[in-house]
Protein chains: 2
Amino acid sequence: MSSVLIVGSVALDTVETPAGKREAMLGGSATYFSMAAAHFAPVRLVAVVGRDFPESSRRLLESKQVDLEGLQTAEGETFRWTGAYHGVMNEAITHDTQLNVFQGFQPVLPDAYRDTPFVFLGNIDPDLQAEVLTQVRAPKLVALDTMNFWIEGARARLLKVLESVDLLVINEGELQLLSGKLNLASGVREVTRMGPASIIIKRGGYGSVLYHDSQWFFVPGYPEENVVDPTGAGDSFAGGFMGSLARAGAITATSVRRAMLYGSVVASFNITDFGPWKLADLSTTMIERRFDAFRNLVSI
Amino acid sequence: MSSVLIVGSVALDTVETPAGKREAMLGGSATYFSMAAAHFAPVRLVAVVGRDFPESSRRLLESKQVDLEGLQTAEGETFRWTGAYHGVMNEAITHDTQLNVFQGFQPVLPDAYRDTPFVFLGNIDPDLQAEVLTQVRAPKLVALDTMNFWIEGARARLLKVLESVDLLVINEGELQLLSGKLNLASGVREVTRMGPASIIIKRGGYGSVLYHDSQWFFVPGYPEENVVDPTGAGDSFAGGFMGSLARAGAITATSVRRAMLYGSVVASFNITDFGPWKLADLSTTMIERRFDAFRNLVSI
């Protein structure tokens, strides 16, 4: 089975939603990604934490098939994020960001990671994403996530790294910002000219869209009443997608579509509890049943 | 083959979009509905126009399998609407509404219409919708469309007529307003308690959702770059849906899902030109090809 490499953030999140509030939970894009992907394939994680990072969180990740050889521990505190969700909860409102040790993060891949076939460049500085690409050898697929902050503040550097990327994973507003187009199809056409042949657009409660090999594929959002905390929905989606693809081993019209569904499956579970705890509890049966439920949402 | 009855508005629309401006075009919910439905089944129309209604528009509708025996001509001018679309064009901005003869509209069904099995109560005063129901005999399916204006301004009367309706067709914002719930699944659960066992939620560019027989069915929005004029998208969707269902004759798990796709097909064509002209030009081949394209958007 192929492995997945994720380079991103591990954080301690304080989150408030209409369902309640939790303080300093295990969080960060690489955490959600890893815990989702590990249901499908071995995961290798590259990130940085501070001396305050709880041993219990480290043990949780290790117990879930996540290799932590690439998790650096630096002097200082772990990256902390505080945010809230209101109303339809499609977007987080950030109250506070303390980068702490993440500010000086320099990704270094252990030797054992360099041949990982499925590489996910989490939402970090485009120069660091480019640096990771110099350290991997002949990956089968390189995917990249980014955000408004880099699209607006580091556009030239982002466009540079995009040239070397196979798949861009982005939310709808970010696609509009990056492409300068409000229309989905126009935006996708514009972005494929920047490098990535494939694009995944995350649409919150409306699900997600894949453009791959000149074909469109749409997955609806799951009609879930019990939305507790949307934090990590996009990252767990990306993890489920990459993990499923790594398990399949090959990138085919079918394997990418199945991967879209598995990503949607884990994301749909993730939002029903605070933090990544639901991802830790998922069984194969739960995943396969929800996969069938997703197919049934669109089947005739 | 079963017929479809539509009671609604026939209007003259002046519309401005990023693609241009058109004045006093044939429009109105019953027009878009009829011209979409008539591709699948005979349509019987009940509405009112003024003495100024162009003979060419009347001939166009008649040439398309739309029975105009129920189209009243009253002293005065036809209903006129002026509006504009900007940006992603998901919502119309109304600049002017002149109800004219529509203000005194009293729906009267010709005898030949009373046994129509598939009845669509377009977006008009709930009391008039209720009045139509007293004039039909044992319909197979009664569907109802409404809008914010009635939900807020005539809630009690709307709730009364909803008790006698099988299917509510509504957009997402209206569902939230009617149900008091922001969450899709919660809103649907709330509305099924009001009467309609089935609900269709229209989501603009995000497509549509059917809740029927305790099952969900999702159709994505078509990734169309050439969006010229969204006017009538929801009405042509409803027309395609009801027409396809009437053609099938029976309401089954499969026929309603196929009807959702046919509704999406005609709506996806309708928005690529001003007014209902594109609906007039559709061939069976175009419709069937787009139907297959819609299936392919979600198939694995």
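Structure: above.
## Here we look at the pairing of strand S8 (residues 118-121) of chain B
Remark: a regular strand shows side chains that alternate across the two faces of the sheet.
All names here are of chain B.
Now for step 1: Both faces of S8 are covered, namely the face carrying Phe118 and Phe120 and the face carrying Val119 and Leu121.
Now for step 2: For strand S1 (residues 4-7) and S8, the ladder comprises 4 bridges, and the chain directions are parallel. Across the sheet, Val7 pairs through a bridge with Leu121, a residue of S8.
Now for step 3: In the sheet, S8 pairs with strand S9 (residues 141-145) via 4 bridges, with the strands oriented parallel. Bridging from a neighbouring strand, Phe120 pairs with Ala143 of S9.

## Looking at unusual backbone geometry
Residues and elements named next belong to chain B.
Now for step 1: Backbone geometry at Met89 places phi at a positive 60°, although glycine is not the residue there.
Now for step 2: Of note, Met89 is situated in the loop between strand S6 (79-84) and strand S7 (93-98).
Now for step 3: Although it is not a glycine, Asp213 adopts a positive phi angle of roughly 55°.
Now for step 4: Turning to its location among the elements, Asp213 is positioned in the loop between strand S12 (208-212) and strand S13 (215-219).
Now for step 5: Among the residues examined, Asp213 registers 12 C-beta atoms within 10 Å and is labelled exposed.

## Remarks on the packing of helix H8 (residues 233-248) of chain B against helix H9 (residues 253-270) of chain B
A pair of packed helices can be characterised by two numbers: the angle between their axes and the separation between those axes.
Residue and element names in this part refer to chain B.
Now for step 1: With their axes 7 Å apart at the nearest point, H8 and H9 run at an angle of 140° to one another. The angle between H8 and H9 places the two elements in the oblique class. Relative to H9, H8 is oriented so that their crossing is right-handed. Contact residues: H8 offers Ala233, Ser236, Phe237, Ala238, Gly239, Gly240, Phe241, Ser244, Leu245 and Ala248, while H9 offers Ser255, Val256, Arg258, Ala259, Met260, Tyr262, Gly263, Ser264, Val265, Val266, Ala267 and Asn270.
Now for step 2: Its residues assigned to classes, the contact of H8 with H9 comprises 13 nonpolar, 8 polar and 1 charged.

## So, H8(B)
Residues and elements named next belong to chain B.
Now for step 1: The end-to-end C-alpha distance of H8 is 22 Å, a good match for the 22 Å that 16 residues give at a rise of 1.5 Å each.
Now for step 2: Burial runs high along H8: 15 of the 16 residues are buried.
Now for step 3: Phi for Gly249, located one or two positions after H8, is positive at around 85°.

## Structural notes on the sheet that holds strand S11 (residues 198-202) of chain B
Residues and elements named next belong to chain B.
Now for step 1: Overall, mixed pairing links the 9 strands, which are arranged S5-S4-S1-S8-S9-S10-S11-S12-S13 in an open sheet. Two strands lie at the open edges of the sheet, namely strand S5 (66-74) and S13, each paired on one side alone. When strand polarity is set aside, the average angle formed by the axes of neighbouring strands in this sheet is 15°.
Now for step 2: As paired elements, S12 and S13 share 5 bridges and run antiparallel to each other. From the neighbouring strand, Ser208 faces S13, where its bridge partner is Val219.

Conventions adopted
- Residues numbered from 1 in each chain as written.
- Chains lettered and ligands numbered in written order.
- Predicted model: local features only at pLDDT ≥ 70, side-chain atom pairs only at ≥ 80, totals over all residues.
- Buried ≥ 20, exposed ≤ 12 C-beta atoms within 10 Å, placed from the backbone.
- Helix = DSSP H or I, 4+ residues; strand = E, 2+ residues; numbered from the N terminus.
- Pairing = 2+ DSSP bridges.
- Axes fitted to C-alpha atoms, helices over the stretch in contact; angles between N-to-C directions.
- Parallel < 35°, antiparallel > 145°, perpendicular 65-115°, else oblique.
- Left-handed = near helix turned anticlockwise from the far one by under 90°.
- Contact = placed C-beta atoms within 7 Å.
- Nonpolar A, V, L, I, M, F, W, Y, C, P; charged D, E, K, R; others polar.
- Expected span 1.5 Å × (residues − 1).

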